[in-house]
Amino acid sequence: MSWFRKKNPRIEVVPTDERRVKTEGQFCKCPECDAAIFKRDLEESLQVCPHCSHHFRLDARSRLAMLYDEAEYEELDDEVVSSDPLHFVDTKPYTVRLEQARLSSGLPEAVINGRGRIGGHLAHVAAMDFSFMGGSMGCAVGEKITRLIERATAERGAVITISSSGGARMQEGTLSLMQMAKISAALAVLDEAHLPFISVLTDPTTGGVTASFAMLGDIIIAEPKALIGFAGPRVIEQTIRQKLPKDFQRAEFLLEHGMVDAVVDRREMRAFLIKALNFMVNPAAQVEAQTEAQSSEPQGSLTSDPDRNGHRQSPATDLKIKAQSKAQNQST
Amino acid sequence: MDASMSDESANSSVSAFERVQLARHPERPYTIDYIEYLFEDFVELKGDRRFADDPALVCGMALFHGRPVAVIGHQKGRDIKQRRHRNFGMPKPEGYRKALRVMNTAEKFDRAVITFVDTPGAYPGIDAEERGQAEAIAVNLLVMSRLKVPIVVAIIGEGGSGGALGIGVGDKTIMFENAVYSVISPEGCAAILWKDSSKASQSAESLRLTARDLYRLGVVDVVVREPSEGSHTSHQESARLLDESILNALNEVSKIPSAERIAQRYQKLRHMGDGKFL
């Protein structure tokens, strides 16, 4: 028997996993400079560390809100979602992986399409989200970006893509690969119409996304320190059996090698894009491109007779023709 | 005899991974072998006029059944020395830019383009990244989608992802029955999704990378039969079957007026994998 008797009940020990501090969840640590950042500050600075300017990853919808005038935009093509064309099964069926991705990311697909105005210019923006299966590009992502480009061509808007992707989606096999060609073909038509395309590269952009639309911008810009490349660093290390230099494939490395126009801080992004659009949006150039196309033979799918080649036209195609005839009336 | 075939006549007893191994068979005919069998007066054109020549991608002018055409194809090597020289058929940016230059030359002189796809993939290395591997491939996709002249693509061996697609956009895509065309190598896919690269034969099955599967998915237009056990058993017979198939395809697409051909090419790409959306 002990000499002293405890009058007060024992302090109950809270199990470690239930312990809470008042500031719990209010702060996070910057992986770059180790500073504790108040989360609300981080939100206000667009997920950029206020101390060292480290760029955290940003979700697709915040990306769109951050770029559009008054953060107002219309979200489009949400009905386009991945199916499972190959009935792909690895350790889990692809359909299960898709469902998990939708639940955990809260997104319908790895890209979100927006339409609205940036600095007063009509702009169609596709923002990719790495949290949805590594931002990988399957048929639905390819289809959404293609629809965005076709819509911009029809409505005479600018296209901006914000890439964040590991590349083509393995679970849709060669069909994913074909999306690279599909999007590039749509961009070629946009290009012929003298409409702007700005590609924004964020961390990380690799594989099939880099080797198609992401590198085809009239202007290509990158966020600081973003990993950008064709092959991923692990693949390269395995091939050459050497450790890679620390800043290899970072945005600044690409800038040095002439692969991007500028490395732009996220907080300056909107202002940069408006300046670029002010330069690039020029109705006079667009009218010129149209009369050129009309004086020579029809230049492609969007103006050809649908019955002759037996393909039906998408609604975007109809819009384009309407937009064209309208522009014709204005120019004559 | 029709060089193309429907699903039923294809040899279905061979597994996907066996086809991967046949596509990589060291005795399988390569681009230069087919050039010798199929063309006359071949003249090789070298260099991208910017940095270097890339021996992993062979380009040139030639006569195909008397008709001047541009030829572009990946080239692997037969022995160790050649393989190193050809970088195992893995092009660097200068290879894709050389191909682009030759395609633009073909466009200028209104000559059709025939490409041969046979690569494990575009080269993943420091120098290739520095010189813009991704950009080089991307530009080719864009330009090939709008080229005014006919483009016939023949997948003769390995169709390795973006490295294959970089010279693989065209009006007609022909594929040998034992050739494969995939977004990633079965070994790479197994290493990532199964975390075990020995599961390659399973991933090869899942990836649907065989000619039969891709014909069904609409990626490939024509599947070409191979002699008995595979193309490596008879180069001459393989060349004859390929020749027939390319000639048919070229005749077919050459008849179409250029503007309409570009429109059809666009629509073909446009409908890749859109089964559920439109």
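Residues numbered from 1 in each chain as written. Chains lettered and ligands numbered in written order. Predicted model: local features only at pLDDT ≥ 70, side-chain atom pairs only at ≥ 80, totals over all residues. Heavy atoms only, no water.

1. Looking at the pairing of strand β6 (residues 158–165) of chain A
Residues and elements named next belong to chain A. Of all the eight residues making up β6, eight are buried; the element is thus mostly covered by neighbouring parts of the structure. Here β6 shows two buried faces, one formed by A158, I160, I162 and S164 and the other by V159, T161, S163 and S165. In this fold, the crossover linking strand β5 (residues 121–128) to β6 by way of helix α4 (residues 139–155) has right-handed handedness. Where β6 meets strand β7 (residues 197–205), six bridges bridge the pair, whose relative direction is parallel. Counted as the bridge partner of I160 is I198 from β7. Crossover handedness for the path β6 to helix α5 (residues 173–192) to β7: right-handed. (Buried < 20%, exposed > 50% of the residue type's maximum accessible area, 1.4 Å probe, protein only. Helix = DSSP H or I, 4+ residues; strand = E, 2+ residues; numbered from the N terminus. Right-handed = clockwise from strand over helix to strand, strands pointing away. Pairing = 2+ DSSP bridges.)

2. Quick look at the interface of chain B and chain A
Facing the 55 residues of chain B at the interface are 66 residues of chain A. Of the roughly 5,300 Å² buried at the junction of chain B and chain A (both faces included), carbon and sulfur atoms supply 70%. One can count three salt bridges joining chain B with chain A. Between A:E143 and B:R270 there is a salt bridge; the shortest N-O distance is 3.1 Å. Where chain B packs against chain A, one counts 13 residue pairs in polar contact (both at pLDDT 80 or more). (Contact = heavy atoms within 4.5 Å. Buried area = accessible area lost by both parts, 1.4 Å probe. Salt bridge = Lys/Arg side-chain N within 4 Å of Asp/Glu carboxyl O. Polar contact = N/O pair within 3.5 Å; in protein donor to acceptor, adjacent residues only side chain to side chain.)

3. Re unusual backbone geometry
Residue A:P204 is bonded to the preceding A:D203 through a cis peptide linkage, with omega at -15 degrees. For A:P204, the location among the structural elements is in strand β7. Unusually for a residue other than glycine, A:S53 sits at a positive phi of about 60 degrees. Inspection of the secondary structure assignment puts A:S53 in the loop between α1 (39–44) and α2 (60–67). A positive phi angle, close to 55 degrees, is found at B:F88, a residue other than glycine. When you line up the elements, B:F88 lands in the loop between α3 (80–85) and α4 (93–108).

4. Regarding the domain arrangement of chain A
One frequently used descriptor of interface size is the decrease in accessible area upon assembly of the parts. Residue and element names in this part refer to chain A. Partitioning chain A into structural domains gives domain 1 (24–56) and domain 2 (58–289). The centre of domain 1, based on its C-alpha atoms, is set 25 Å off from the matching centre of domain 2. Facing the eight residues of domain 1 at the interface are seven residues of domain 2. Surface buried jointly by domain 1 and domain 2 totals about 740 Å² across both partners, of which 58% is contributed by carbon and sulfur atoms. Among the residues of domain 1 in contact with domain 2, L46, H55 and F56 are the three that bury the most area, contributing 63% of the side total. Across the domain 1-domain 2 interface, the total number found is zero salt bridges. (Domains from an automatic or database assignment.)

5. Focus on the packing of aromatic side chains
Tallied over the entire structure, the rule returns eight aromatic pairs over all chains. Between B:F39 and B:F116 the ring centres are 6.2 Å apart and the planes differ by 90 degrees, which places this aromatic pair in the edge-to-face class. In this pair, B:F39 sits in the loop between α2 (31–38) and β1 (40–44) while B:F116 sits in strand β4 (residues 112–119), placing the two residues 77 residues apart along the sequence. Through successive ring pairs, a cluster of aromatic residues spans B:Y34, B:F39, B:F64, B:F116 and B:F176. The ring of A:F130 has A:R57 lying over it, and the distance from NZ or CZ to the ring centre is 4.3 Å. (Phe/Tyr/Trp six-rings, centres within 6.5 Å; stacked < 30°, edge-to-face > 60°. Lys NZ or Arg CZ within 6 Å of the ring centre and 35° of its normal.)

6. Remarks on the sheet that holds strand β3 (residues 73–76) of chain A
Residue and element names in this part refer to chain A. Taken together, seven strands build an open sheet; the order of strands is β3-β4-β5-β6-β7-β8-β9 and the sheet is mixed. Each edge of the open sheet carries a strand with a single partner, namely β3 and β9 (262–263). Where β5 meets β6, five bridges bridge the pair, whose relative direction is parallel. In the sheet register, V125 faces β6, and the bridge partner there is I160. Sheet contacts for helix α9 (residues 266–280): β4 (111–118), β5, β6, β7, β8 (219–222) and β9; angle to β7, the most-contacted strand, approximately 155 degrees. (Axes fitted to C-alpha atoms, helices over the stretch in contact; angles between N-to-C directions.)

7. Examining the pattern of salt bridges
Tallying each qualifying case throughout the model produces 41 salt bridges over all chains. A:E150 serves as the salt-bridge partner of B:R270, at 2.8 Å between the closest nitrogen and oxygen. Placement of the pair is B:R270 in helix α12 (residues 258–270) and A:E150 in helix α4, with the two residues belonging to separate chains. With its nearest N and O atoms 2.8 Å apart, the salt bridge here joins B:R28 to B:E226. Of this pair, B:R28 sits in the loop between α1 (16–23) and α2 while B:E226 is found in the loop between β8 (222–224) and α11 (235–254), placing the two residues 198 residues apart along the sequence. Assigned by exposure class, B:R28 and B:E226 land together as buried.

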